[in-house]
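Coordinates in review
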Amino acid sequence: MNKSTFRSSSTQQGLTENMQILTGQKGDRLDKALTLREAAGLGMLNLRRTASGSLVPELPPANNVDPEWSGVQPPHAPANVSASGAFHTIVLTWDAPTYWGHAFAEVWRSEDDNLSHAVRVGATLANVYADAVGKEFAAFYWVRFVNKNAMEGPYQGTEGLHAVTSRDVQDILDELQGKIEASHLVQSLLEPIQQVPQLSNNLNRLGASFDEEVQARTNAEEALAKKITQVTAGFKEGDTQLAGQITTETQARASADGALGKRIDTVNAKAGELGAAVQQQSQAIADLKGGALAMWSAKASAGEITAGIGLIAKSDGTSQVAISASQVFVFDPNSSKPMAPLFAIDNGQVVMAEAIIRKATIQILNSEKIMADYIKAGVSISAPSISGGSFDMGNSFMSGGSAGFGLGGPYSGWGKGWYTIIYSDGNLYTNRLTAQGGRIDNMTMRNCTIEQDCVVKGTVFADRIVGDVYVARDYACVTHAKQVGPIDVCSIKINQPVGFARTLTIPGVAGMVGCSVTASGGGSSPISNSNSTTMQITVLMDGAVVKTLTARASAYATSNPSQGPVTSVDEVGSYIGDITIPANREPLITIRIQRIKGDGWVRSDPSQSGRVVLFKQGSSLS
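Residues numbered from 1 in each chain as written. Predicted model: local features only at pLDDT ≥ 70, side-chain atom pairs only at ≥ 80, totals over all residues. Heavy atoms only, no water.

So, the overall build of the protein chain
Broken down by element type, the protein chain carries four helices and 37 strands. Counting over 622 residues, the protein chain shows a buried share of 27%. Sequence-distant contacts, at least 24 apart, represent 56% of the contacts inside the protein chain between residues at least 6 apart. (Helix = DSSP H or I, 4+ residues; strand = E, 2+ residues; numbered from the N terminus. Buried < 20%, exposed > 50% of the residue type's maximum accessible area, 1.4 Å probe, protein only. Contact = heavy atoms within 4.5 Å.)

Some thoughts on the pattern of salt bridges
With the rule as written, the count across this model stands at 13 salt bridges. Across the pair E212 and K227 runs a salt bridge whose closest N-O atoms are separated by 3.2 Å. Of the two residues, E212 is situated in strand β10 (residues 207-218) and K227 in strand β11 (residues 222-237); the sequence distance between them amounts to 15 residues. Residue K227 is classed as partly exposed on the basis of its relative accessible area, which comes to 35%. Close ionic contact of E249 with K226 constitutes a salt bridge, the shortest N to O distance being 3.9 Å. Highlighted residues: E249 in strand β12 (residues 240-255) and K226 in strand β11, separated in sequence by 23 residues. Given the relative accessible area of 17%, E249 is considered buried. Members of the salt-bridge network, linked through shared partners, are E106, R120, R144 and E152. (Salt bridge = Lys/Arg side-chain N within 4 Å of Asp/Glu carboxyl O.)

Examining the sheet that holds strand β31 (residues 527-541)
Spatially, β28-β35-β31-β32 is the arrangement adopted by the four strands of the open sheet, whose pairing is antiparallel. Each edge of the open sheet carries a strand with a single partner, namely β28 (487-493) and β32 (544-559). Taking the axes of each pair of neighbouring strands and ignoring which way they run, one obtains an average angle of 20° across the sheet. Inspection of the sheet shows β31 paired to β32 by 15 bridges, in the antiparallel sense. Across the sheet, the residue bridging to I527 is S559, located in β32. (Pairing = 2+ DSSP bridges. Axes fitted to C-alpha atoms, helices over the stretch in contact; angles between N-to-C directions.)

Re a negative patch on the surface
Side chains of E111, D112, D113 and E159 sit close together on the surface and give a patch of like negative charge. With respect to the helices and strands, D112 occurs in the loop between β5 (102-110) and β6 (119-124). Relative accessible area serves as the criterion here: at 31%, D112 is assigned to the partly exposed category. (Patch = residues over 30% accessible without salt bridge, like charges linked within 9 Å, V, L, I, M, F, W, Y side chains within 5 Å. Areas by Shrake-Rupley, 256 points an atom, 1.4 Å probe, with all protein chains shown as cover. Lys, Arg positive; Asp, Glu negative; His and termini not counted. Charge placed at Lys NZ, Arg CZ, Asp CG, Glu CD.)

Description of the environment of F145
Counting through the fold element by element, F145 comes out in strand β8 (residues 138-147). Sequence separation of F145 and Y155 is ten residues, and the distance between their C-alpha atoms is 7.8 Å.

Observations concerning the pairing of β5
Most of β5 sits inside the fold, with seven of its nine residues counted as buried. The pairing of β5 with β8 spans eight bridges and is antiparallel. Looking at the pairing, F104 lines up with V146 of β8. Pairing of β5 with β6, which is carried by five bridges, proceeds in the antiparallel orientation. Bridging across to β6, W108 finds its partner in R120.

Focus on the side chain of S568
In this structure, S568 sits in strand β33 (residues 566-572). Looking at S568, its side chain comes within polar contact range of the main-chain oxygen of Y556, at 3.0 Å. Apart from residues lying up to four places away in sequence, S568 is in contact with C515, S516, V517, A555, Y556 and A557. (Polar contact = N/O pair within 3.5 Å; in protein donor to acceptor, adjacent residues only side chain to side chain.)

Some points on the nonpolar core
Ranked by size, the top nonpolar core spans 33 residues in total, and within it L504, I506, I579, I589 and I591 carry the most contacts. Elements with a contribution of two residues or more to this core: β28, β29 (502-506), β30 (512-519), β31, β32, β34 (577-581), β35 (588-597) and β37 (610-616). Sort the elements by how many residues they give to this core and β32 lands first, with five residues. Look past the residues within four positions of I589 in its chain and what remains in contact with it is C490, S491, I492, I494, L504, V539, L540, M541, I579 and I581. Membership of the second largest hydrophobic core comes to 13 residues, among which are I90, L92, Y99 and Y129. (Core = buried A, V, L, I, M, F, W, Y, C linked by side-chain atoms within 4.5 Å.)

Re helix α1 (residues 12-22)
Looking only at α1, the buried set comprises G14, N18 and I21. Mapping the buried residues of α1 onto a view down its axis gives an arc of 60°, with all of them on the same face. In α1, those exposed residues whose orientation departs by more than 90 degrees from the buried face are Q12, Q13 and L15. Just downstream of α1 lies G24, where phi reads positive at about 80°. (Arc of directions from axis to C-beta.)

Describing the pairing of strand β20 (residues 349-352)
Two strands pair when backbone bridges link them, and strand β19 (residues 341-346) and β20 are joined in this way by four bridges, in the antiparallel orientation. If you follow D346 over to β20, its bridge partner there is Q349. What sits between the antiparallel neighbours β19 and β20 is a turn of two residues, in which N347 has the positive phi angle 55°.

Quick notes on the confidence of the model for the protein chain
Averaged over every residue, the pLDDT of the protein chain is 80; the share at 70 or more is 85%. Per-element averaging of pLDDT across the protein chain places helix α4 (residues 184-190) at the bottom with 69 and β8 at the top with 94. Within the model, the stretch residues 617-622 combines pLDDT values under 50 with six contacts to residues more than four positions away or in other chains. (pLDDT = per-residue confidence, 0-100.)

Side note on the environment of L224
Structurally, the position occupied by L224 is in strand β11. The spatial distance from the C-alpha of L224 to the C-alpha of L260 is 9.4 Å, given a sequence separation of 36 residues. Once you skip the residues sitting within four places of it in the chain, L224 turns out to touch Q215, A216, R217, Q251, A252 and R253.

Comments concerning the sheet that holds strand β21 (residues 390-392)
An order of β21-β22-β23-β24-β25 is seen for the five strands of this open sheet, with the pairing classed as antiparallel. Every interior strand has two partners, whereas the edge strands, β21 and β25 (428-430), have only one. Sheet twist, expressed as the average angle between the axes of neighbouring strands with direction ignored, equals 40°. Pairing of strand β22 (residues 396-399) with strand β23 (residues 402-413), which is carried by four bridges, proceeds in the antiparallel orientation. For S399, the partnering residue across the bridge sits in β23 and is S402.

As for a nonpolar patch on the surface
Residues I362, L365, I370, I375, I381, I386, F391, M393 and M398 make up a contiguous nonpolar surface patch of roughly 870 Å² in combined accessible area. By secondary structure assignment, the location of L365 is in the loop between β20 and β21.

Observations regarding unusual backbone geometry
Residue P486 follows G485 across a cis peptide bond; omega there is 5°. Looking at where P486 falls in the secondary structure, it is placed in the loop between β27 (480-483) and β28. One non-glycine residue with positive phi stands out, namely N80, at about 55°. If you trace the backbone, N80 turns up in the loop between β2 (55-58) and β3 (82-85).

Laid out in structure tokens, this is it:
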């Protein structure tokens with residue numbers, strides 16, 4: 001036999017040590033006492049709270065029909081999980097779970113594609129989750145379901161879903177500005193039109209000329225060929241001076257390190273101080289050290305206003321097209337409205353009549369109308385009016401005027417089970433309803449407990465009422481022959497304690513008191529005689545006296561001289577009345593009688609049986 005764990009000492013130290021063992025604070029945990037709370041949590045018993053507030057332990061039913069815990073299924077792997085990066089958040093979505101007893105979904109994250117490194121970042125009842133991580137963030141994600149029994153299901157896969165949040169648009173613009181500033185093509189477009197070579201002196205006099213200069217040179221280091229052709233027309237009279245000129249300059253050069261081909265075409269017009277020019281430049285360079293470069297550009301200038309377009313290709317992988325203009329227009333000359341812009345840039349804004357874009361990153365979107373198959377919001381959606389066919393929030397669903405909440409419940413809708421569902425016809429089904437106020441009309445209630453006061457202003461119809469209204473039953477008196485007493489004539493047992501006082505009413509008789517008298521004698525005058533007896537009725541509750549009352553029997557007899565002896569008998573009972581039954585009691589009520597005065601008797605028999613009624617305290621009959 002194992003040695004006892006507890007101390008047999010009745011000292012304060014021994015009692016304290018035993019209490020510590022029972023509460024699990026010290027000693028072997030196998031000796032810890034099992035509390036009612038723990039037993040209820042383990043499902044070993046149920047705790048029922050009475051009207052007085054006390055707890056009564058009860059064995060659970062053999063078949064637990066509570067839909068919150070019955071029929072819970074193991075979670076399956078989430079299906080169709082996707083992860084998309086917005087500017088500040090990564091949005092994950094998945095199909096709503098189809099198993100019974102779903103509780104929530106867990107979201108796990110890792111910086112690398114390794115599930116063992118992942119940490120749980122959140123849980124949600126919906127089938128969408130937004131992870132607020134900030135801009136320029138990248139991570140891998142996993143999702144799994146958990147049911148109401150805390151059973152964890154499998155992840156959507158061993159490989160994580162990779163998602164990246166967007167860079168700040170201003171950062172992208174600043175980076176592009178740096179690339180533009182470093183571009184050789186852009187610098188060429190920003191440069192003013194090269195000065196036109198002057199091959200003749202007739203630009204400012206009336207007349208026209210054609211000039212040409214050709215140069216070829218070869219030495220030990222390089223070979224050079226250059227040609228300039230110029231057509232000029234001019235007019236001058238007084239202060240008026242006008243001139244037009246077309247110049248073509250070509251150059252070819254080759255050396256041990258590289259080769260160059262270059263052509264510049266310039267069209268120039270001048271009227272006084274006002275001038276305009278168009279220049280087109282083509283250049284190709286092949287350098288053994290610097291690589292290959294091909295560039296074409298066209299520039300136009302009128303006074304202080306310039307415009308240009310160019311393209312460049314480099315052997316290092318750079319290819320650029322640059323446009324220098326305050327306005328850019330693209331139009332279709334073959335359409336019915338040839339002047340309608342298809343694409344335009346005006347005052348720093350891009351304008352498009354229509355566009356097809358596979359993927360776009362837009363930091364601020366202002367739109368009159370958006371048509372989309374799917375919209376994901378990482379933080380929130382705000383609108384004064386939202387309309388649509390259905391709203392699927394994972395653990396809740398709304399469609400056609402109906403709404404379901406809490407997947408896995410017993411109420412059916414849209415091919416799924418819900419714990420609460422509101423149908424479009426106004427019917428609401430739920431397992432647990434808590435309301436602080438309101439109004440209910442035309443309702444049928446089953447198994448309803450009203451814990452506090454209820455005021456019924458109309459008529460209550462009930463086939464059967466058990467509880468604090470009333471209960472009635474017949475009682476039977478025991479047979480006792482005539483005697484002095486005391487004798488117990490009947491007992492009434494009160495069952496089912498409740499948290500309020502009740503009134504027991506005993507309207508019938510409870511025992512009899514009687515007496516007799518005889519009158520006799522001679523003479524010429526009548527002779528009368530009388531007798532009386534008093535009975536005490538005692539009401540005992542579990543042996544303690546709670547009420548006493550008395551009843552008196554009186555007999556009168558008169559004998560005439562010629563009549564002889566005359567005997568008269570009187571026997572009466574007593575009305576017991578009301579007895580208060582205290583709250584939370586199941587007492588035994590005993591009716592006891594005895595003769596306390598006179599020479600009569602007390603007795604009882606079943607003919608004196610009656611009916612007793614148990615009322616709530618304060619009730620009355622009329």
